[in-house]
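Coordinate inspection notes
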Amino acid sequence: MERTFAMIKPDGVQRGLTAEILARIQRKGYRVVGLKQFVIPRELAETHYAEHKERPFFGELVTFITSGPVVAIALEGENAILGWRGMMGATNPANAAPGTIRADYATTTGENVTHGSDSPESAERELGLFFKPEELL
Ligand code: IDP
């Protein structure tokens, strides 16, 4: 059993995709063990994406991710980390397999609707950044 951090980014929330994405998660069989909608403070965004600090798109990424509410989700299930990454599809929607969230709902790498932790270490770190222990079931 694994836990991972998933997020519906501001573009997904703004476009009204929250229910659709939560439905996919629940139909797949993952349990939602934490859920909240909020605007990410700038400092949290910079910490969350610290690994991209030196990349040319970092400023744009932080501006985007703080531009409106996100839905932060803690998921639990067998192989949830890789499984959720698979449901999202490749970072660039143009390379995402048909039927994945990014293939179905996104056109640009910058605004690609969802986030998912990429390893057990990232999942633990990101769940800790976004949820207090008492917010997780
Ligand atoms: P991931 O979200 O699929 O794990 P990462 O490479 O970790 O992809 O990048 C994190 C996020 O940064 C992406 O989801 C995307 O929103 C943004 N990003 C990545 N590469 C670019 C780029 O070349 N231009 C603009 N934004 C980018």
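An unreviewed UniProt entry annotates the protein as Nucleoside diphosphate kinase originating from Deinococcus sonorensis KR-87. Under the Sequence similarities (unreviewed entry) heading, UniProt states for the protein: "Belongs to the NDK family." The UniProt entry for the protein carries the following comment under Function (unreviewed entry): "Major role in the synthesis of nucleoside triphosphates other than ATP. The ATP gamma phosphate is transferred to the NDP beta phosphate via a ping-pong mechanism, using a phosphorylated active-site intermediate."

Okay, the UniProt feature "binding site: ATP" (unreviewed entry) in the protein next. Mapped onto the present numbering, the UniProt feature "binding site: ATP" (unreviewed entry) falls at K9, F57, R85, T91, R102 and N112. Structurally, the position occupied by R85 is in helix α5 (residues 80-88). Sequence-distant contacts of R85, that is, excluding residues within four places in its chain, are made with G116, S117 and D118. Counting through the fold element by element, R102 comes out in helix α6 (residues 101-105). Apart from the residues within four sequence positions on either side, R102 is in contact with K9, M88, G89, A90, T91, P93, A96, N112, T114 and H115.

What follows is about the environment of T63. Looking at the element boundaries, T63 is found in helix α4 (residues 58-65). Separated by 23 residues in the primary sequence, T63 and G86 place their C-alpha atoms 26 Å from one another.

Further remarks concern the sheet that holds strand β3 (residues 70-77). The strand order across the open sheet built from four strands is β2-β3-β1-β4, with neighbouring strands paired in antiparallel fashion. Since the sheet does not close on itself, it has two edges, and those belong to β2 (31-38) and β4 (114-116), each with one partner. Going from strand to strand, the sheet's axes swing by 20° on average, the running direction of each strand aside. Sheet analysis places β2 next to β3, joined by seven bridges and oriented antiparallel. Its bridge partner being in β3, L35 is matched across the sheet by I73. Packing against the sheet, helix α2 (residues 18-28) makes contact with β1 (2-8), β2, β3 and β4, and its axis sits at approximately 5° to β3.

Here the focus is the pattern of salt bridges. With the rule as written, the count across this model stands at six salt bridges. Linking R24 and E20 is a salt bridge whose minimum nitrogen-to-oxygen distance equals 3.4 Å. You can see R24 and its partner E20 sitting in helix α2, four residues apart, about one turn around the helix. Its relative accessible area of 16% is what places R24 among the buried residues. In this structure, R42 engages E46 in a salt bridge whose closest nitrogen and oxygen atoms are separated by 3.3 Å. In this pair, R42 and E46 both sit in helix α3 (residues 42-48), four residues apart, roughly one turn of the helix. Residue R42 is classed as partly exposed on the basis of its relative accessible area, which comes to 45%. In the salt-bridge network here, residues are joined through shared partners; they are R3, R31 and E76.

Criteria and cut-off values
Residues numbered from 1 in each chain as written. Predicted model: local features only at pLDDT ≥ 70, side-chain atom pairs only at ≥ 80, totals over all residues. Heavy atoms only, no water. UniProt positions renumbered as here; feature names shortened; annotations may be inferred. Helix = DSSP H or I, 4+ residues; strand = E, 2+ residues; numbered from the N terminus. Contact = heavy atoms within 4.5 Å. Pairing = 2+ DSSP bridges. Axes fitted to C-alpha atoms, helices over the stretch in contact; angles between N-to-C directions. Salt bridge = Lys/Arg side-chain N within 4 Å of Asp/Glu carboxyl O. Buried < 20%, exposed > 50% of the residue type's maximum accessible area, 1.4 Å probe, protein only.

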